[in-house]
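Summary of the model geometry
Listed here are the chains, written in short residue letters.
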Protein chains: 2
Amino acid sequence: MTRSFETPAFEAALWELLRWRRDVRSFRTDPLDEADIQSLLEAAQLAPSVGLSQPWRFVRVRTPELRAAVRACFERCNAEALAGYDGEQAALYAKLKLSGLNDAPVQIAVFCVDDVETGHGLGRRTMPETAAYSVVIAVHTLWLTARAKGIGMGWVSILDPDEIAGALSVPAGWRLIAYLCLGKPSADHDSPELERAGWEHRLPLDAVLVER
Amino acid sequence: MTRSFETPAFEAALWELLRWRRDVRSFRTDPLDEADIQSLLEAAQLAPSVGLSQPWRFVRVRTPELRAAVRACFERCNAEALAGYDGEQAALYAKLKLSGLNDAPVQIAVFCVDDVETGHGLGRRTMPETAAYSVVIAVHTLWLTARAKGIGMGWVSILDPDEIAGALSVPAGWRLIAYLCLGKPSADHDSPELERAGWEHRLPLDAVLVER
């Protein structure tokens, strides 16, 4: 039986989705449909996880006070990062737009419960970091299903993870994996912003592939 | 403009793909088309990465000697893991098939170069683990594009990562993220094997979602 996702047309569209799934930092401020947000979170629940541990936890960040705290944390961490560059690279870094925290109508902090009981430890004895990796796949699943709805996502990592966990008053043992901005993109591109800005270029496959 | 991935039909098929993208542990031994493998690795290159750092490195593991070394490492780590369970849980664990290492025609070890120069450190100062997270998304991208071609993938984490890096003689600083088995699945399911076997069940969304 050929399933709906095993057709050449689907495969071509999936590749197009992968090319257009960009990190978005410029959002329109109009709100997203709550049913859409719920749907994206349901999609994330379909992610694979080590030992079926499902260690992901999603925190919808809604209040202006908490959003301001996240922005302040980003501004400080970003200034510290800028101070680590010199000359032309510093000038280029300073011009980059590295988050959509000011505008994104939906913001979600994603955590991992490293010692989660679900899954009974299966697959995590020698590589406990696979719990966090499971959370990352949930984030990527959300990202792809968002883009298929015309919703853009940006992943902000220029943050102090412990400070964000504290500001959001999450339970002890929850570790920040990602802070996500979601909204309608104010512009659309099929190439990474950092490539267009001249920060870095993409590598060919033979630069990352080894045979043994 | 509506793109090919912004149609209701595509979205429905993407969800079906996400549901059917299982961790596969039972493979047919017939070889995969080399052009398909190349295509999956090219898809992985489209993954987002922190600062466009592209820290992923893929090692095709081809020789019987190296594959036997990986299997031996798995067998030992799996026996040690089994020894950590008692009673009924131990009996259930012992019955689980946790890797397709014996049969999978294609095996790829995936590494992260944590201190990769590409990307010039952008986004990694406060959360350096985002390099590994980028590699995880490349793995997930490969997983999804494989499934759309009818190719199954299994992620083996019951391994000693340093031992695998040593056996494969990778450069210093390459850290094992995943060991992947790929091939045609010998059976097909839309529910996780660990759920069918009664090891763990899936959580509802409200168990993992918090509002702030």
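Note: the structure precedes this text.
This is a predicted model, so every value here is computed, not measured.

When helices and strands are counted, chain A shows seven helices and five strands. N-terminal to C-terminal, the α/β element order of chain A is α-α-β-α-α-β-α-β-α-β-α-β. Against the 2.2 N^0.38 benchmark of 17 Å for 212 residues, chain A shows a C-alpha radius of gyration of 19 Å, consistent with a compact globule. On the principal axes, the C-alpha backbone points of chain A span a range of 55 × 45 × 45 Å. Evaluated residue by residue, chain A yields a buried proportion of 48% over its 212 residues.

This part is about the sheet that holds strand E4 (residues 174–183) of chain A. Taken together, the five strands give an open sheet; going across it, the order is E3(A)-E4(A)-E2(A)-E1(A)-E5(B), and neighbouring strands pair in mixed fashion. Edge positions in the sheet fall to strand E3 (152–156) of chain A together with strand E5 (209–211) of chain B, since each of these pairs with one other strand and no more. Going from strand to strand, the sheet's axes swing by 25° on average, the running direction of each strand aside. Looking at chain direction, E3 of chain A and E4 of chain A are connected through five bridges and run antiparallel. Looking across to E4 of chain A, one finds that Met-153 of chain A is bridged to Leu-182 of chain A. Of the strands in this sheet, strand E1 (56–60), strand E2 (106–113), E3 and E4 of chain A are in contact with helix H5 (residues 130–148) of chain A, which crosses E4 of chain A at around 5°.

Moving on: the interface of chain A and chain B. Every contact between the two is made by 76 residues of chain A and, on the other side, 76 residues of chain B. Every element with two or more residues in the side of chain A that touches chain B is listed here: helix H1 (8–20), helix H2 (34–44), E1, helix H3 (64–82), H5, helix H7 (193–196) and strand E5 (209–211) of chain A. Take the side of chain A that touches chain B: its biggest share by element is eleven residues, from H1 of chain A. Taken together, the residues of the side of chain A that touches chain B sort by class into 40 nonpolar, 18 polar and 18 charged. Pairing analysis gives three bridges linking E1 of chain A to E5 of chain B, with the strands arranged parallel. Bridge pairing links Val-59 of chain A to Val-210 of chain B in E5 of chain B.

A word on H1 of chain A. Compared with an ideal rise of 1.5 Å per residue, which puts 13 residues at 18 Å, H1 of chain A spans 18 Å between its outermost C-alpha atoms and is within 8% of the ideal. By the burial criterion, the buried members of H1 of chain A are Phe-10, Ala-13, Leu-14, Leu-17, Leu-18 and Trp-20 of chain A.

As a further point, take the relation of the copies chain A and chain B. With an RMSD of 0.0 Å, the fit of chain A onto chain B corresponds to turning through 180° and sliding 0.0 Å along the axis. The transformation just described matches what one would write down for a two-fold rotation axis. By residue overlap, the copies meet face to face through one surface: 100% of the interface positions of chain A are interface positions in chain B.

All right, on to the environment of Phe-74 of chain B then. Turning to its location among the elements, Phe-74 of chain B is positioned in helix H3 (residues 64–82). Ignoring sequence-local partners within four residues, the contact set of Phe-74 of chain B consists of Ser-99, Leu-101, Val-156, Ile-158 and Leu-159 of chain B.

Within E3 of chain A, five of the five residues are buried, which leaves it mostly tucked inside the rest of the structure. Covered by surrounding structure in E3 of chain A are Gly-152, Gly-154 and Val-156 of chain A together with Met-153 and Trp-155 of chain A, the residues of both alternating faces.

Rules of the game
- Residues numbered from 1 in each chain as written.
- Chains lettered and ligands numbered in written order.
- Predicted model: local features only at pLDDT ≥ 70, side-chain atom pairs only at ≥ 80, totals over all residues.
- Helix = DSSP H or I, 4+ residues; strand = E, 2+ residues; numbered from the N terminus.
- Rg over C-alpha atoms; globule rule 2.2 N^0.38 Å.
- Buried ≥ 20, exposed ≤ 12 C-beta atoms within 10 Å, placed from the backbone.
- Pairing = 2+ DSSP bridges.
- Axes fitted to C-alpha atoms, helices over the stretch in contact; angles between N-to-C directions.
- Contact = placed C-beta atoms within 7 Å.
- Nonpolar A, V, L, I, M, F, W, Y, C, P; charged D, E, K, R; others polar.
- Expected span 1.5 Å × (residues − 1).
- Least-squares fit on C-alpha atoms with pLDDT ≥ 70 in both.

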